[in-house]
Amino acid sequence: AASADAETDVVVIGGGPAGLATGYHLTREQADYVILDGQGAPGGFWDRAWSNYWDSLRLISPAEHSSLPGWRMPGEPGQELPSARHVADYLAAYERRYGLPVRRPVTVTGVRRADGALEVVGSTGTWRARHVVSATGTWRRPYTPDHPGRHLFEGRQLHTADYRGPEEFAGRRVTVVGGGNSAAQLLADLSEVAHTTWVARRPVRFMPDDVDGRVLFDADTQRALGGRTGRGAASPGDIVMVPSVRRARDRGVLTALPMFERLTRTGVAWADGSERETDAVLWCTGFRPVLDHLAPLEPFDADGRIPLDGNRSVREPRLHLIGYGDWTGAASDTLVGAGRTAGAAVARIVEDLRTG
Ligand code: FAD
């Protein structure tokens, strides 16, 4: 189905971990399908050729807890937490191992209804399908809040997605905004060479040192942890004490101030009148789902959300969403969570194909 105007049962949009996990299950069910991926090489966010992340990026849980269905991620020799490049290699090998039918690079610009089917318009052709799975991730839509004074500030502003390493900030003053794992890891990285200030909107929650990121994805471990810490289950926003973050704590830089009220020309200012000068503001404020290509199907409600029944769109039952966050399945925006969700979504699609 590589040529334009092909017909198939299922088109999966996006060839990152969520798309591959969906493919794994579709192959097992012997469905006729294709995966269209905008990237030039395997891996989605982890794409090695694209290298769109900083050098020190590692998973927050060991390899065997970061696997897609069917085949466990091998460990990386000498490393407890795999590097991003190791993840990319695993995803490329996973694709080959199962012979997943990925076409790339194909960017999907729109999905529309046509003669009782869905039509997926891609940069190299058009596919007709009975079902469409959207698994386009969030990485392409970095989110920065429109904070007061943002356009006044004369220093540098950048987002997690722009960060490539600490070198260019050596000796500078950097304010890191955000209370999640990205903020903590980039703060740890930067604080080795720069003067850092950390601010977060809510009090930051740290996981115990001996517990790694797998609890964020594992309901059983979560319950056990809740019992131990007496504060309920861990949430994906909780900070995992990876080695670099522990070292930052030991250096005394891992303390977050409350969020500033506004940016000034030369720094940031709090409501109580205090101010701090800064050369750069690094917004570790997250990502939003990439959903523009679905607009022609009008799946959104008045609040701009896509109402779902499981993973299936309520307004367009032939459309399924995977990998965008908890609203598309528990921890579905992680490697393990995406795999789990994909299995459930494919079961429903296959049932429909058989009866429909
Ligand atoms: P992606 O990996 O983003 O893949 C989406 C794919 O869809 C891409 O290939 C993209 O090119 C393609 N695409 C997008 N739009 C289109 C279009 N219109 N047409 C065609 N193709 C399109 N997860 C973990 O499990 N453990 C971790 O430790 C971890 N650390 C992380 C650290 C950071 C800094 C970030 C940002 C994320 C981290 N994640 C981690 C989560 C990460 O998002 C997931 O591991 C995983 O990459 C999500 O898979 P996905 O397939 O949903 O999205």
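The structure we're discussing is the one just above.
Summarised in this report is the structure supplied together with it. Here the structure is a predicted model, which is why all the values come from computation and not from measurement.

### Remarks on the site of the ligand
Right, so step 1: Around the ligand, the structure places 33 residues, and the nearest of them are Gly14, Gly16, Gly44, Gly137 and Gly323.
Right, so step 2: When residues of the shell around the ligand are traced back to their parent elements, those giving at least two are α1 (17–28) and α7 (335–355).
Right, so step 3: Broken down by element, the residue count for the shell around the ligand peaks at 3 residues, all from α1.
Right, so step 4: Along the lines of polarity and charge, the residues of the shell around the ligand split into 14 nonpolar, 16 polar and 3 charged.

### Focus on the sheet that holds strand β9 (residues 195–200)
Right, so step 1: What the 5 strands build is an open sheet, ordered β7-β14-β8-β9-β10; its pairing is parallel. For this open sheet the edge positions go to β7 (156–159) and β10 (256–258), each flanked by a neighbour on one side alone. Ignoring strand direction, the axes of neighbouring strands in this sheet form an average angle of 25 degrees.
Right, so step 2: Sheet topology note: the β7/strand β14 (residues 280–283) ladder contains 4 bridges and is parallel. Bridging from a neighbouring strand, histidine 159 pairs with tryptophan 283 of β14.
Right, so step 3: Those strands touched by helix α3 (residues 181–190) are β8 (173–177), β9 and β14, and its axis lies near 165 degrees from that of β8.

### Details of the sheet that holds strand β13 (residues 275–277)
Right, so step 1: Spatially, 3 strands are ordered β11-β12-β13 in an open sheet, and the strand pairing comes out antiparallel. In this open sheet, the two strands that pair with only one neighbour each are β11 (262–263) and β13.

### With respect to unusual backbone geometry
Right, so step 1: With an omega of -10 degrees, the peptide bond between arginine 104 and proline 105 qualifies as cis.
Right, so step 2: Position of proline 105 relative to the elements: it lies in the loop between β3 (102–103) and β4 (108–114).
Right, so step 3: The backbone of glutamine 30 shows a phi angle near 55 degrees, a positive value even though the residue is not glycine.
Right, so step 4: Relative to the helices and strands, glutamine 30 is located in the loop between α1 and β2 (33–36).
Right, so step 5: Even without being glycine, glutamate 298 reaches a positive phi, approximately 50 degrees.
Right, so step 6: Structurally, glutamate 298 is set in the loop between β14 and β15 (308–309).

### Some details on the pairing of strand β6 (residues 125–134)
Right, so step 1: Most of β6 is tucked away: 7 of the 10 residues are buried.
Right, so step 2: With 5 bridges connecting them, strand β5 (residues 117–122) and β6 associate as antiparallel partners. Within β6, the residue paired with glycine 122 across the bridge is glycine 125.
Right, so step 3: In sequence, β5 turns back onto β6 through a hairpin of 2 residues.
Right, so step 4: For β6 and strand β17 (residues 319–321), the ladder comprises 3 bridges, and the chain directions are parallel.

### Examining the nonpolar core
Side chains of a nonpolar character, in soluble globular proteins, are inclined to be buried together.
Right, so step 1: Membership of the largest hydrophobic core comes to 81 residues, with the highest contact counts inside it found for Val11, Ile13, Val120, Val132, Val176, Leu187 and Leu282.
Right, so step 2: Residue contributions to this core peak at 7 residues, all from α7.
Right, so step 3: Those residues in contact with isoleucine 13 that sit more than four places away from it in its chain are Leu36, Val108, Val120, Val132, Val133, Ser134, Ala135, Thr136 and His293.

### What to know about the environment of serine 182
Right, so step 1: The topology assignment puts serine 182 in helix α3.
Right, so step 2: For serine 182, a count of 23 C-beta atoms within 10 Å gives the class buried.
Right, so step 3: A C-alpha to C-alpha distance of 16 Å links serine 182 and glutamate 192, two positions 10 residues apart in sequence.
Right, so step 4: Once residues lying within four places of it in the same chain are set aside, the contact partners of serine 182 are Thr160 and Cys284.

### Some words on the packing of α1 against α7
Right, so step 1: The interhelical angle for the contact between α1 and α7, taken along N-to-C directions, is 40 degrees, at an axis separation of 8 Å. The pairing of α1 with α7 is recorded here as oblique in orientation. Seen from above, α1 lies across α7 with right-handed handedness. From α1, Pro17, Ala18, Ala21, Thr22, His25 and Leu26 reach across to α7, where they touch Leu335, Ala338, Gly339, Ala342, Gly343, Ala345 and Val346.
Right, so step 2: Broken down by class, the residue content of the contact of α1 with α7 amounts to 9 nonpolar, 4 polar and no charged.

### Re the environment of alanine 200
Right, so step 1: Relative to the helices and strands, alanine 200 is located in strand β9.
Right, so step 2: For alanine 200, a count of 19 C-beta atoms within 10 Å translates into the label partly exposed.
Right, so step 3: Sequence separation of alanine 200 and glutamine 157 is 43 residues, and the distance between their C-alpha atoms is 16 Å.
Right, so step 4: Ignoring sequence-local partners within four residues, the contact set of alanine 200 consists of Gly178, Gly179, Ala256 and Met259.

### Looking at helix α2 (residues 84–97)
Right, so step 1: If you check α2, its first and last C-alpha atoms are 20 Å apart, about what 14 residues at 1.5 Å a residue would give, namely 20 Å.
Right, so step 2: For α2, the complete set of buried residues consists of Ala84, His86, Val87, Ala88, Tyr90, Leu91, Tyr94 and Glu95.
Right, so step 3: In this structure, the buried residues of α2 make contact with α1 and β3.

### Description of α1
Right, so step 1: Helix length check: α1, at 12 residues, gives a terminal C-alpha distance of 17 Å against a target of 16 Å (1.5 Å per residue), a fit within 8%.
Right, so step 2: Among the 12 residues that make up α1, 10 are buried, leaving the element largely enclosed by the rest of the structure.
Right, so step 3: Of the residues making up α1, those classed as buried are Pro17, Ala18, Gly19, Leu20, Ala21, Thr22, Gly23, Tyr24, His25 and Leu26.
Right, so step 4: Against β1 (6–13), β2, α2, β6 and α7 lie the buried residues of α1.
Right, so step 5: Once α1 finishes, glutamine 30 follows within two positions and takes phi at roughly 55 degrees, a positive value.

Rules used throughout
Residues numbered from 1 in each chain as written. Predicted model: local features only at pLDDT ≥ 70, side-chain atom pairs only at ≥ 80, totals over all residues. Near = placed C-beta within 6 Å. Helix = DSSP H or I, 4+ residues; strand = E, 2+ residues; numbered from the N terminus. Nonpolar A, V, L, I, M, F, W, Y, C, P; charged D, E, K, R; others polar. Pairing = 2+ DSSP bridges. Axes fitted to C-alpha atoms, helices over the stretch in contact; angles between N-to-C directions. Contact = placed C-beta atoms within 7 Å. Buried ≥ 20, exposed ≤ 12 C-beta atoms within 10 Å, placed from the backbone. Core = buried A, V, L, I, M, F, W, Y, C linked by C-beta atoms within 7 Å. Parallel < 35°, antiparallel > 145°, perpendicular 65-115°, else oblique. Left-handed = near helix turned anticlockwise from the far one by under 90°. Expected span 1.5 Å × (residues − 1).

That's the geometry; what it means functionally is another story.
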